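Listed here are the chains, written in short residue letters.
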Amino acid sequence: MTNVMHMSRMYAPTLKEDPADAEIASHRLLMRAGMIRKTASGVYAFLPLGQKVLAKVEQIVREEMDATGAQEMLMPALQPGELWRESGRWDDYGPELMRLTDRHDHEICLGPTHEELVTALVRNELRSYKELPLTLYQIQTKFRDEIRPRFGLLRGREFIMKDAYSFHTHQESLQKTYDDMSAAYGRICERLGLDYRPVEADSGQIGGSVTCEFMALAEAGEAELVHCTCGYAANTEAGDCLARPTEHDVPEMQKIATPGVHTIAELAAFLDIPESSTVKALAGKSDAGDLVVLFIPGDHELNELKADRAVGGFTLLTDEEMEAYGLPKGSMGPVGLPKEARVVAARSLQAVQKWVVGANEDGFHYVGAGLGRDFEVDEWADLCIVQPGDSCPECGLPLSGARGIEVSQVFQLGDKYSRAMDATFADEDGTETPFLMGCYGVGITRSLAAIVEQHNDEYGIIWPFSVAPAHVCVIPLTVGDEEVQPAAEKLAADIARLGLEVVIDDRSERAGVKFADADLIGWPLQIVVGKRGLAEGKVEVKLRRTGEKKDIAFSTITELLAFAKRSGGITKSGTGYFDGLFER
Ligand code: 9G3
């Protein structure tokens, strides 16, 4: 029986006003549309319409996981503390790890992730190379006691994640699964209608883990990234920085009195040149205790992570230490440094022959300091935080800046957990060897919010067809009218028989309320059945995504939708049947 949902019987308490604590569109609209309700800080209930969307997001993820050969299973949220002691992570995490003791005084945590649990689960029975590779996944509730939950579902304390774990005999096999999962994540983002960028996190990241994050572009996103039309994308803390300051041609080095000039902004203003034409100096100490002076383009910021990696730990000098070295704050340069200083410069400065830079004398700067003529650079390194406008390291075009929501990520874990927890397999010659592992997560509830962040307007949510709580909303204008009501019910039943999901707004509400709620909840297609229209044998059809409306003969509407269903081709894309509905 293809049932039609009735709004008169549905628990979907829509709100006219924006909730006070909702700062971003998805939080505001999911609350107003009667899809979620907050039960505690960072903890949400999904009401029936929200659950319908959630189930579709999960199903899309499930289909793409199954297609990779991963096997669904389900692990508990209650995890024994001793597993986290084995991996050494019990003490790594602070209050973010939700811990409790049970009635027998055993330490337990509510799982924020399941590397330890899944490794302990398989280690006694996954024993031979013949059984590998193996990928297990679950769609399950996670707990992380965020210090400041905010932005609704984007940063909650209890949320739903699909987390997968793979086990391998060797690196090539791990790489294959990593690549397959990355491809599956791309398909998932497409099917969810998400505009996303895969962002390679810095492979040199502390711990050397290989990872890629899938970012849904959104102003509400916490991650800052740069991306290029050629496909390159990077987290700003990891991306390459090839900024090329514009050359400022000066015949030879001139020492210029620059009284009171200490910042880049003051220097650029004083010389009336762009900040990008100046060079910024930062003096610090390496972990080994060397004096290191870093030089980067004046309009960029130092990337601490990269500086650490370039010089082996980098800590800025204190004012006293600067004094001790005789280094004038705000006027340092490569000419006349203490001889023991290591001069490390951003790679992009290699192309700049003449620098505008401090003269190592307070109140003086050089213009035209010649690289290789007036000073030497000991090492060139990637030191800057990449920023929009920098040239793409792949194709050279200027990078665009964006904010993103990390909706999924893939990790290569190596043998970090299998070694710590003695999870081994017997290889061909019977030697016990720790598994190589990968782990792969999709934020289910976070993806749902990301979809709303990318698909909304001033009237409400615009659900992509693939995850909409229903596809068509039939709106009878005058409820109880002996003609309109039965016609609307019949139309709804006919459309449902096509295999589309249909809701009828049979509430005895004014038309304006029904239209506003239909736009707020975001059904992809609305069909209005009114007395006047019926008299002419017509109904009004409206595409939520474009707002296009058209009067269409009542008699042809189901044939039209059947056509759309045949030609539309859905479930893989986010837009769905109805695009082009009026074109035929
Ligand atoms: C914790 C707490 C928070 C955490 C973690 C552990 C993040 C933790 C990283 C991961 C890596 C992958 C499998 C699915 C995909 C992500 N926050 N991470 O390990 F104890 Cl309190 O979860 N895990």
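This is a predicted model, so every value here is computed, not measured.

Cut-off values and rules
- Residues numbered from 1 in each chain as written.
- Predicted model: local features only at pLDDT ≥ 70, side-chain atom pairs only at ≥ 80, totals over all residues.
- Heavy atoms only, no water.
- Pairing = 2+ DSSP bridges.
- Helix = DSSP H or I, 4+ residues; strand = E, 2+ residues; numbered from the N terminus.
- Axes fitted to C-alpha atoms, helices over the stretch in contact; angles between N-to-C directions.
- Salt bridge = Lys/Arg side-chain N within 4 Å of Asp/Glu carboxyl O.
- Buried < 20%, exposed > 50% of the residue type's maximum accessible area, 1.4 Å probe, protein only.
- Contact = heavy atoms within 4.5 Å.
- Near = heavy atom within 4 Å.
- Polar contact = N/O pair within 3.5 Å; in protein donor to acceptor, adjacent residues only side chain to side chain.
- Areas by Shrake-Rupley, 256 points an atom, 1.4 Å probe, with all protein chains shown as cover.
- Nonpolar A, V, L, I, M, F, W, Y, C, P; charged D, E, K, R; others polar.
- Phe/Tyr/Trp six-rings, centres within 6.5 Å; stacked < 30°, edge-to-face > 60°.
- Lys NZ or Arg CZ within 6 Å of the ring centre and 35° of its normal.
- Core = buried A, V, L, I, M, F, W, Y, C linked by side-chain atoms within 4.5 Å.

Draft legend 1. Geometry of the sheet that holds strand β6 (residues 99–101). In spatial order, the strands read β5-β7-β6; together these 3 strands make up an open sheet with antiparallel pairing. Only two strands of the sheet have a single neighbouring strand rather than two, namely β5 (78–80) and β6. Strand after strand, the sheet turns through a mean of 40° between neighbouring axes, direction not considered. Bridge count for β6 against strand β7 (residues 107–110) is 3 bridges, and the pairing is antiparallel. Across the sheet, the residue bridging to R99 is C109, located in β7.

Draft legend 2. Spotlight on the pattern of salt bridges. Evaluation of the coordinates by the stated rule reveals 38 salt bridges. Between R187 and E64 there is a salt bridge, with the nearest N and O atoms lying 2.9 Å from each other. Taken together, the residues span a long stretch of sequence, with R187 in helix α5 (residues 171–191) and E64 in helix α2 (residues 48–67) at a distance of 123 residues. Classification of R187 by relative accessible area gives partly exposed; the value is 37%.

Draft legend 3. How the structure looks around the sheet that holds strand β31 (residues 538–543). Strand order in the open sheet made by the 6 strands is β1-β29-β28-β30-β31-β32, with mixed pairing throughout. Two strands close off the open sheet at either side, each with one partner strand: β1 (5–6) and β32 (549–553). In the sheet, β1 pairs with strand β29 (residues 502–504) via 2 bridges, with the strands oriented parallel. Bridge assignment links M5 to a residue of β29, and that residue is V503. In this fold helix α12 (residues 511–521) packs onto β28 (472–476), β30 (525–529) and β31, with an angle of close to 175° to the strand it touches most, β28.

Draft legend 4. View of unusual backbone geometry. With an omega dihedral of 0°, the bond running from L132 to P133 counts as a cis peptide bond. Mapped onto the elements, P133 comes out in the loop between α4 (115–122) and β8 (134–143). Residue D272 is not a glycine yet carries a positive backbone phi of 55°.

Draft legend 5. Focus on the site of the ligand. Around the ligand, the surrounding shell holds 16 residues, and the nearest of these are W84, R89, T113, E115 and R144. Within the contact set of the ligand, an oxygen atom lies 2.8 Å away from a side-chain nitrogen or oxygen of R89. The contact in question runs from a nitrogen atom of the ligand to an N or O atom on the side chain of T113, over 2.8 Å. Contact with the protein chains covers 88% of the free accessible surface of the ligand, which is 510 Å². Sorting the residues of the shell around the ligand by element identifies β9 (158–168) and β25 (436–443) as the ones contributing at least two each. Residue composition of the shell around the ligand, grouped by class: 9 nonpolar, 2 polar and 5 charged.

Draft legend 6. Geometry of the packing of aromatic side chains. All chains considered together, the criterion is met by 7 aromatic pairs. For the ring pair F167 and F435, a centre distance of 5.4 Å and an interplane angle of 70° mean the geometry is edge-to-face. Separated by 268 residues along the polypeptide, F167 in strand β9 and F435 in the loop between β24 (432–434) and β25 bring together distant segments of the chain. Centre to centre, the rings of F425 and F435 are 5.9 Å apart; their planes meet at 20°, and the pair counts as stacked. Of this pair, F425 sits in strand β23 (residues 424–426) while F435 sits in the loop between β24 and β25, and the two are 10 residues apart along the sequence. On the basis of relative accessibility, which here comes to 2%, the residue F425 falls in the buried class. Under the relative-accessibility criterion, F435 is labelled buried at 0%. Grouping aromatic residues by their ring pairs yields a cluster made of F167, F425 and F435. One Lys or Arg, R99, reaches over the ring of W90 and ends 4.6 Å from the middle of that ring.

Draft legend 7. Looking closely at the nonpolar core. Formed by 68 residues in total, the largest nonpolar core has its most connected members in L30, M35, Y185, W463 and W523. Ignoring sequence-local partners within four residues, the contact set of W523 consists of M5, M7, L49, P469, A470, C473, V503, A518 and R544. Grouped together as the second largest cluster of nonpolar side chains are 37 residues, V292, L294, V357 and V377 included.

Draft legend 8. Inspection of the pairing of strand β2 (residues 36–40) at higher detail. Two strands pair when backbone bridges link them, and β2 and strand β3 (residues 43–46) are joined in this way by 4 bridges, in the antiparallel orientation. Among the inter-strand pairings, A40 is bridged to a residue of β3, identified as V43. Hairpin remark: β2 followed by β3, antiparallel, with 2 residues in the connecting loop; positive phi at G42, about 75°.

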